[in-house]
Amino acid sequence: MAERHPKVATVDPVWSHICEEAKAAVRDEPLLGGFIHSGILHHATLERALSYRFSLKLASGEMSEQILREIADEAYATDPTLGQAARADIVAVYDRDPACHRFMQPMMFFKGFQAVQAFRIGHWLWTRGRRDLAYFVQMRVSEVFGVDIHPNARIGKGIMIDHAHSIVIGETAVVGDNVSMLHSVTLGGTGKEDGDRHPKIGNGVLIGAGAKILGNIHIGERSRIAAGSVVLHDVPSCKTVAGVPAKIVGEAGCEQPALTMDQLIDDGV
């Protein structure tokens, strides 16, 4: 008889941590029991919980929760990188946002995280030729979260979008890994030109609130874009730019500005 080996459960520290936090939250606030059970504790995996959240938030009279749930379940089942990116995003928010004290907060309460995960499903649809459905996801994300990301945009992992109101990311934009941005950021074009026309954001970049980065330009790795800046030209790596139009005002000030979230500009930059 062939020897049988017991199945070893896959270790998922992020999901395990979220479930423990959820149980504690229910003990502390029983009135949220139904909300937390349906959003977290009812599900076996993070992917299933994210799929439920996607369908719940984006459902409307035009598209039912059941159909959206089936779409999300298929996406997570066929593309493991979606779940991997979600875990990296959760850790990024927890590490960088001083208002985030638990892993469960982004997936339950923070629209920036939820909008990015919904975008990822829309991008998955886009890359498989299901473009009208991807546009529908984009529309609903914009309506529900106030975040407008074209489904053809490419966004890395470890993304933190704080507050997330009025974020606009264009069709040919590329955002690298471990990027942090605040509300009212635009990664847009400069007119009616077609083709590759949106910014390319390097890894580890910090983009301050209200910054506008326009055109097919490159923002070098580990740079800082000051709040309210209008960036129209390439930015070298590890620099700080500020102003309208933005100009280099110094070094980035640290090795990883997107992780430290230091947005002050002084003589030490």
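Here goes a summary of the coordinates provided. (Residues numbered from 1 in each chain as written. Predicted model: local features only at pLDDT ≥ 70, side-chain atom pairs only at ≥ 80, totals over all residues. Heavy atoms only, no water.)

1. So, the pattern of salt bridges
No. 1: Enumeration over the complete set of coordinates arrives at 15 salt bridges.
No. 2: Between Arg 120 and Asp 89 there is a salt bridge; the shortest N-O distance is 2.8 Å. Separated by 31 residues along the polypeptide, Arg 120 in helix H7 (residues 111-127) and Asp 89 in helix H5 (residues 80-96) bring together distant segments of the chain. Like Asp 89, Arg 120 is buried.
No. 3: For Arg 197, the salt bridge identified is with Glu 171, shortest N-O distance 2.8 Å. Remark: Glu 171 occurs in the loop between strand S4 (167-169) and strand S5 (174-175) and Arg 197 occurs in the loop between strand S7 (186-188) and strand S8 (200-201); sequence separation between them is 26 residues. (Salt bridge = Lys/Arg side-chain N within 4 Å of Asp/Glu carboxyl O. Helix = DSSP H or I, 4+ residues; strand = E, 2+ residues; numbered from the N terminus. Buried < 20%, exposed > 50% of the residue type's maximum accessible area, 1.4 Å probe, protein only.)

2. Some points on the side chain of Glu 21
No. 1: The residue Glu 21 is located in helix H1 (residues 13-28) in this model.
No. 2: No salt bridge is formed by the buried Glu 21. Its closest oppositely charged neighbour is Arg 102, at 5.5 Å.
No. 3: Once residues lying within four places of it in the same chain are set aside, the contact partners of Glu 21 are Arg 102, Phe 103 and Met 104. (Lys, Arg positive; Asp, Glu negative; His and termini not counted. Contact = heavy atoms within 4.5 Å.)

3. Points about the pairing of strand S15 (residues 247-251)
No. 1: Where strand S14 (residues 239-242) lies against S15, four bridges are found, and the strand directions are antiparallel. Bridging from a neighbouring strand, Thr 240 pairs with Gly 250 of S15. (Pairing = 2+ DSSP bridges.)

4. Concerning the nonpolar core
No. 1: Grouped together as the largest cluster of nonpolar side chains are 69 residues, with contacts concentrated most on Ile 18, Met 107, Leu 187, Ile 207 and Ile 225.
No. 2: Examining the composition of this core, we find that nine residues originate from one element, H7, more than from any other.
No. 3: Non-local contacts of Met 107, meaning those with residues more than four positions away in its chain, are made with Trp 15, Ile 18, Gly 39, Ile 40, Leu 46, Ala 49, Leu 50, Arg 53, Phe 113 and Gln 114.
No. 4: Counting residues in hydrophobic clusters, the runner-up holds seven residues, among them Val 93, Met 160, Leu 182 and Leu 206. (Core = buried A, V, L, I, M, F, W, Y, C linked by side-chain atoms within 4.5 Å.)

5. With respect to the environment of Glu 29
No. 1: On the secondary structure map, Glu 29 appears in the loop between H1 and helix H2 (33-41).
No. 2: As a C-alpha pair, Glu 29 and Gln 117 span 88 residues in sequence and 27 Å in three-dimensional space.

6. Some details on the packing of helix H3 (residues 46-58) against H5
No. 1: Two elements in contact, H3 and H5, have axes separated by 10 Å at closest approach and are oriented at 85°. What the angle tells us is that H3 and H5 run roughly perpendicular. Taking contact as the criterion, the partners of Leu 46, Glu 47 and Leu 50 in H3 are, on H5, Gly 83, Ala 86, Arg 87 and Ile 90.
No. 2: Tallied by class, residues from the contact of H3 with H5 come to four nonpolar, one polar and two charged. (Axes fitted to C-alpha atoms, helices over the stretch in contact; angles between N-to-C directions. Parallel < 35°, antiparallel > 145°, perpendicular 65-115°, else oblique. Nonpolar A, V, L, I, M, F, W, Y, C, P; charged D, E, K, R; others polar.)

7. Some thoughts on the environment of Trp 124
No. 1: For Trp 124, the position within the fold is in helix H7.
No. 2: With 48 residues separating them along the chain, Trp 124 and Tyr 76 place their C-alpha atoms 9.5 Å apart.
No. 3: In this structure Trp 124 touches Ile 71, Glu 74, Ala 75, Thr 78, Asp 79, Leu 82 and Arg 130, once residues within four positions along its chain are discounted.

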